[in-house]
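Structural description and commentary
Single-letter residue listing:
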Amino acid sequence: MFWTKHGDGEAVAPDAIVKPLERLSWPRTIGLGAQHVIAMFGATFLVPLITGFPPSTTLLFSGVGTLLFLIITKNRVPSYLGSSFAFLGPVGAAMGTQAAPGPGMGAALFGIMVTGLLLAIVGLIVNAVGTGWIHALMPPAVMGAIVALIGFNLAQASWSNVTTIKPENDVTLNDSLLVAAITVIAIAIIAALFRGLLGRIAILLGFIAGYLASLSLDMVSFETVKAADWIGFPEFNSPEVDWSVIPMFLPVVFVLVAENVGHVRSVAHLTGDDSINDLTGKTLFADGAATVIAGFGGGSATTTYGENIGVMTATRVFSTAAYWVAGIVAILLSLSPKFGELLFTIPGGVIGGVTLVLYGIIGLIGVRMWIDNKVDFSVQKNLFSVAVALIIAMGMGNAALEFGDIKLGGIALGTAAVLVIYHGMNALERLRGDRA
């Protein structure tokens, strides 16, 4: 649990890095921890704002989950556990809308808990037998498709954020469209103009620009903020057993595995320590355990964050001490109800503008997986499995097919399609003697 001081604790040589079990001086480490809070902040808060979960509760469990992750991995894997965007589809379907109510938050939390439990079980299996079976089940064509369809399936939900006007707000559709456009344009300008940390938090800064624009248009009311206490516990909610939502959540396990494995490999490569890859099973288990705890108390599901890996790459500081600081700061911020109410003042147009960018990025991460792994779409099993899966996910959008008490959304059906078609065609190719 303790770190050795790197050099004099004041600076990092140009050809050196601060390793996970090292640290700089505590004032510098606290500053680095604050940077990690900034890096995770935008994405971690966007998830509850989009899904309707309490933001302060989500922040609390992201901090608790991060500290649990560090304990389970014995401080050897620097990572922050923020809100997972992979859950937006199934959670949104479970929460429902005014026009099409879903089973509600309790059912969504139950789905989160079950997903976390399955991820923890995968972690135990990986710890015992390694990751080879994961790559066999989800080769790059399949994994890229699963990630892509999760992002593209949310296209309709993103536009709905822009166009849905809360009846209690004196806001017109044109106002909402305007602040959405301002938000998107601000994100694009900031991402184009800046590199380093500012470029990496372009979404957060664009979000702030959109919010400031909504303030200038008198679209925000602070009545609930004024009434809220400065200090207090966040809102807790309990899961309710509802097995009908589970098929919508199962595909998320595949995405979480891919994210986790990819992030562990990135850290191992960046630190030059291949032994970190041996901890993949523990990181999966830790992420799953943190998600179970979040679901039990009413927070959003967690996942390891690439944004924070970017901060480490820029600073060359991979000390887990900074993540202890970040986790503790997150917990302290969650204990202010006034802070949580402030987040609920954000208009739908701002959230919609951010999600227009964000959901598209999630989809394109899957496309990047195909490019990075040189997936050949002239190969029939790649072509047909991906084509069918994407069209199912995008075509269904927010809709779901019901089979008795079981609901299957576009993400679940698209994931099933890519797995069945890919491995089915692969088996037939082998049957005819094609070993390619």
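Residues numbered from 1 in each chain as written. Predicted model: local features only at pLDDT ≥ 70, side-chain atom pairs only at ≥ 80, totals over all residues. Heavy atoms only, no water.

1. Focus on the overall build of the chain
Short version of the rule: Put simply, DSSP H or I for four residues or longer makes a helix, DSSP E for two residues or longer makes a strand, and each gets a number counted from the N terminus. C-alpha atoms define the radius of gyration in this analysis, and the globule rule sets the expected value at 2.2 Å times the number of residues to the power 0.38. Any two residues whose heavy atoms approach within 4.5 Å are treated as being in contact. Note on areas: Shrake-Rupley with a 1.4 Å probe; residue coverage comes only from the protein chains shown. Note on charges: Lys and Arg go in the positive column, Asp and Glu in the negative column, and His and the chain ends are not counted at all. All charge positions are set by atom: Lys at NZ, Arg at CZ, Asp at CG, Glu at CD.
Scanning the chain from N- to C-terminus turns up 19 helices and six strands. In terms of C-alpha radius of gyration, the chain reaches 22 Å, essentially the compact-globule figure of 22 Å for 436 residues. Long-range contacts, defined here as pairs at least 24 residues apart, represent 80% of the contacts in the chain between residues at least 6 apart. Total accessible area computed for the chain in this model is approximately 18,800 Å², and 67% of it derives from carbon and sulfur atoms. Both charge centroids of the chain, one from 21 positive and one from 26 negative side chains, sit 11 Å from each other.

2. Brief notes about the side chain of Glu 22
Note the threshold: Polar contacts, as used here, are pairs of N or O atoms within 3.5 Å; protein pairs need one atom able to donate a hydrogen and one able to accept it. Residues neighboring in sequence count only if both atoms are side-chain atoms.
Its place among the elements puts Glu 22 in strand β2 (residues 22-23). There is a polar contact of 3.0 Å between the side chain of Glu 22 and the side chain of His 6. The residues touching Glu 22, leaving out its near neighbours within four places in the chain, are Trp 3, Thr 4, His 6, Ile 17 and Ser 319.

3. Some remarks on helix α15 (residues 320-334)
Operational definition: In a helix, the anticipated span is given by 1.5 Å times the number of residues less one. When accessible area is computed with a 1.4 Å probe and restricted to protein chains, residues below 20% of their type maximum are described as buried, those above 50% as exposed, and intermediate ones as partly exposed.
Compared with an ideal rise of 1.5 Å per residue, which puts 15 residues at 21 Å, α15 spans 21 Å between its outermost C-alpha atoms and is within 8% of the ideal. Counting buried positions along α15 gives 11 out of 15 residues, so the element sits mostly inside the fold. Turning to α15, its buried residues number three or more, namely Thr 320, Ala 321, Ala 322, Tyr 323, Trp 324, Val 325, Ala 326, Gly 327, Ala 330, Ile 331 and Ser 334.

4. Re a nonpolar patch on the surface
Formally: Only residues whose relative accessible area exceeds 30% and that form no salt bridge are eligible for patches; like-charged ones are grouped when within 9 Å, while nonpolar side chains (Val, Leu, Ile, Met, Phe, Trp, Tyr) are grouped when within 5 Å. The rule for a salt bridge is simple: a side-chain nitrogen of Lys or Arg has to be within 4 Å of a carboxyl oxygen of Asp or Glu.
Where nonpolar side chains cluster on the molecular surface, the patch consists of Leu 117, Leu 118, Ile 121, Ile 125, Val 129, Trp 133, Leu 137 and Leu 250 and spans about 650 Å² of accessible area. Counting residues per element, the ones that place at least two in the nonpolar patch are α4 (105-129) and α5 (132-137). By residue number, the principal contributor to the nonpolar patch is α4, which donates five residues. Mapping Leu 117 onto the fold places it in helix α4.

5. Overview of the pattern of salt bridges
In the structure shown here, the tally under the stated rule is two salt bridges. The partner of Asp 372 in a salt bridge is Arg 368, with the nearest N and O atoms 3.4 Å apart. Here Asp 372 and its partner Arg 368 are both found in helix α17 (residues 348-372), four residues apart, which amounts to about one turn of the helix. A residue is classified by how much of its surface remains accessible, and Arg 368, at 58% relative accessible area, is exposed. The residue Glu 429 makes a salt bridge to Lys 381 at a minimum N-O spacing of 3.8 Å. A residue pair is termed long-range when its members are at least 10 positions apart, and Glu 429 in helix α19 (residues 410-431) and Lys 381 in helix α18 (residues 380-396) qualify at 48 residues. Here the two residues Glu 429 and Lys 381 agree in accessibility, since each one is buried.

6. Quick word on the packing of α4 against helix α12 (residues 246-271)
For the record, the criterion: Under this scheme, a helix contributes an axis fitted over its contacting stretch, all axes are lines through C-alpha atoms, and angles between N-to-C directions fall in the 0 to 180 degree range. For classification purposes, angles smaller than 35 degrees are called roughly parallel, those larger than 145 roughly antiparallel, those between 65 and 115 roughly perpendicular, and all remaining angles oblique. Crossings are assigned a handedness: left-handed for a near helix turned anticlockwise from the far helix by less than a right angle, right-handed for a clockwise turn.
One can describe the packing of α4 onto α12 by two numbers: an axis separation of 9 Å at closest approach and a directional angle of 40 degrees. On the basis of the axis angle, α4 is oblique to α12. Crossing handedness for the pair α4 and α12: right-handed. Of the residues in α12, those in contact with Ala 108, Phe 110, Gly 111, Ile 112, Val 114, Thr 115, Leu 118, Leu 119 and Val 122 of α4 are Ile 246, Phe 249, Leu 250, Val 252, Val 253, Leu 256 and Val 257.

7. Some points on the environment of Gly 298
In this structure, Gly 298 sits in the loop between α13 (280-297) and β4 (302-304). The spatial distance from the C-alpha of Gly 298 to the C-alpha of Ile 125 is 28 Å, given a sequence separation of 173 residues.

8. What to know about the packing of aromatic side chains
The geometry of an aromatic ring pair comes down to the distance between the two centres and the angle between the two planes. Formally: Two rings from Phe, Tyr or Trp (for Trp, the six-membered ring) form a pair when their centres are within 6.5 Å of each other. A pair whose planes differ by under 30 degrees is stacked, one over 60 is edge-to-face, and the rest are tilted.
According to the stated counting rule, one finds five aromatic pairs in the structure shown. A ring pair is formed by Trp 3 and Trp 26, whose centres lie 6.0 Å apart and whose planes are at 85 degrees; its orientation type is edge-to-face. One end of the pair, Trp 3, is in the segment before β1 (4-5); the other, Trp 26, is in helix α1 (residues 26-51), and 23 residues separate them in sequence. A centroid spacing of 5.2 Å and a plane angle of 85 degrees characterise the contact between Trp 370 and Phe 377, whose relative ring orientation is edge-to-face.

9. Structural notes on α17
Every α-helix winds through 3.6 residues per turn, so residues three or four apart in the chain are directed the same way. Note the threshold: Two axes enter the definition of the bend at a residue: one is fitted to the seven residues ending there, the other to the seven starting there, and the bend is the angle between them.
Helix length check: α17, at 25 residues, gives a terminal C-alpha distance of 35 Å against a target of 36 Å (1.5 Å per residue), a fit within 8%. Where α17 bends most, the angle comes to about 25 degrees, and this point is Thr 355. Count one or two residues on from α17 and you reach Lys 374, which has phi positive near 55 degrees.

10. Description of unusual backbone geometry
The backbone of Lys 74 shows a phi angle near 55 degrees, a positive value even though the residue is not glycine. Within the secondary structure layout, Lys 74 lies in the loop between α2 (55-72) and β3 (81-83). One non-glycine residue, Lys 374, lies in positive phi territory at about 55 degrees. Note that Lys 374 resides in the loop between α17 and α18. Overall, Lys 374 belongs to the exposed group, its relative accessible area being 71%.

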